[in-house]
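What the coordinates show
Chain by chain, the residues:
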Amino acid sequence: MEPTRQANGAPPPAEPTGELLPEGDGPAPRPRRAALTGRPLFWIALVALVGLAVPFFVGRAVGGHAAEPPAIRIPLPAFELTDQRGQRFGLEQLRGRVWIADFIFTTCPTVCPKLTQRMKEIEQRGRDLGDGLHLVTFTVDPENDTPEVLAAYAASQKLPLERWTFLTGPLDQIESTILKGFKIAMGKTESSPGIFSIFHGERLVLVDKEGVIRGYYEANDEGIPAILRDAGALVKQR
């Protein structure tokens, strides 16, 4: 904390010298402490100093608690899929970066557009973390969501692909990565003869620089600040 200075930037006034008046009929000398505390400026400066100190220490306590990285640790098995450019992309390309994953399919009319908008919000609010934070979207319908379809979807949503990757691949590899790796549900049920409905988990997953899952979060007004807070703590962690 910087030393206290006056409003005009000048250093605090020098303390009284404490010189005593000559003996005689004049008033008795006052001790230096009494002379100092008797000045109105002393009490003004004291109140101002306390007002500055309290928020400082409270802020440090709260900020220190918020900066703690999450305790959960679930190692993510290695995977390699295909990104929206048609190139191989997997856990190895993500090492050294904190990343957040979600799971959608492009023809979903209900929850998936909301998940994409929440991820877009995370990207915008997390830009101060720079390249330390990356977003990854996995399709749960790889038979229809080809790299070209994913690229078109990202373009239609105006998503920044320098900080966001979309992944597809063979169905068995997608299922292994999502079900066994992320522990996120996905599948397809036949709602009527010949008509299938796709289902999947809606949680966002936070992964650290070593490829270890550090948390699952709801994509809502409580979950977004929480995942951004924890992602920031992991990005800053050495």
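For the structure itself, look to the data block above.
Below is a summary of the structure that appears in this document. Only a predicted model underlies this, so the values are computations on that prediction, with no experimental measurement involved.

Cut-offs applied
Residues numbered from 1 in each chain as written. Predicted model: local features only at pLDDT ≥ 70, side-chain atom pairs only at ≥ 80, totals over all residues. Heavy atoms only, no water. Axes fitted to C-alpha atoms, helices over the stretch in contact; angles between N-to-C directions. Helix = DSSP H or I, 4+ residues; strand = E, 2+ residues; numbered from the N terminus. Parallel < 35°, antiparallel > 145°, perpendicular 65-115°, else oblique. Left-handed = near helix turned anticlockwise from the far one by under 90°. Contact = heavy atoms within 4.5 Å. Nonpolar A, V, L, I, M, F, W, Y, C, P; charged D, E, K, R; others polar. Buried < 20%, exposed > 50% of the residue type's maximum accessible area, 1.4 Å probe, protein only. Arc of directions from axis to C-beta. Salt bridge = Lys/Arg side-chain N within 4 Å of Asp/Glu carboxyl O.

What follows deals with the packing of helix 4 (residues 111-125) against helix 7 (residues 223-236). Relative to each other, helix 4 and helix 7 sit at 40°, their axes nearing to 11 Å. One way to sum up the angle between helix 4 and helix 7 is to call them oblique. Of the two elements, helix 4 crosses helix 7, and the hand of that crossing is right-handed. In this structure, helix 4 contributes Arg118, Glu121, Ile122 and Arg125 to the contact, and helix 7 contributes Ile224, Pro225, Ile227 and Leu228. Partitioning the contact of helix 4 with helix 7 into residue classes produces 5 nonpolar, no polar and 3 charged.

What follows deals with helix 6 (residues 171-181). Those residues of helix 6 that fall on the buried side of the exposure criterion are Ile174, Thr177, Ile178 and Gly181. Along helix 6, the residues classed as buried sweep out an arc of 110° about the axis, all on the same side. Opposite its buried face, helix 6 presents the exposed residues Asp172 and Lys180, each directed more than 90 degrees away. In the core, the buried residues of helix 6 are packed alongside strand 2 (80-83), strand 4 (98-104), strand 5 (133-139), strand 6 (164-168), strand 7 (186-192) and strand 10 (212-217). Where helix 6 ends, the next residue or the one after it, lysine 183, has phi of about 60°, a positive value.

One pass over the structure, following the stated rule, counts 12 salt bridges. Of the charged contacts, one joins glutamate 123 and arginine 127 as a salt bridge, the two residues approaching to 3.1 Å between their closest N and O atoms. What makes glutamate 123 buried here is its relative accessible area of 3%. Of the charged contacts in the structure, one is a salt bridge between arginine 229 and aspartate 230, with a shortest N-O distance of 3.0 Å. Taking relative accessible area as the criterion, arginine 229 reaches 42% and is therefore assigned partly exposed. Classification of aspartate 230 as buried rests on a relative accessible area of 6%.

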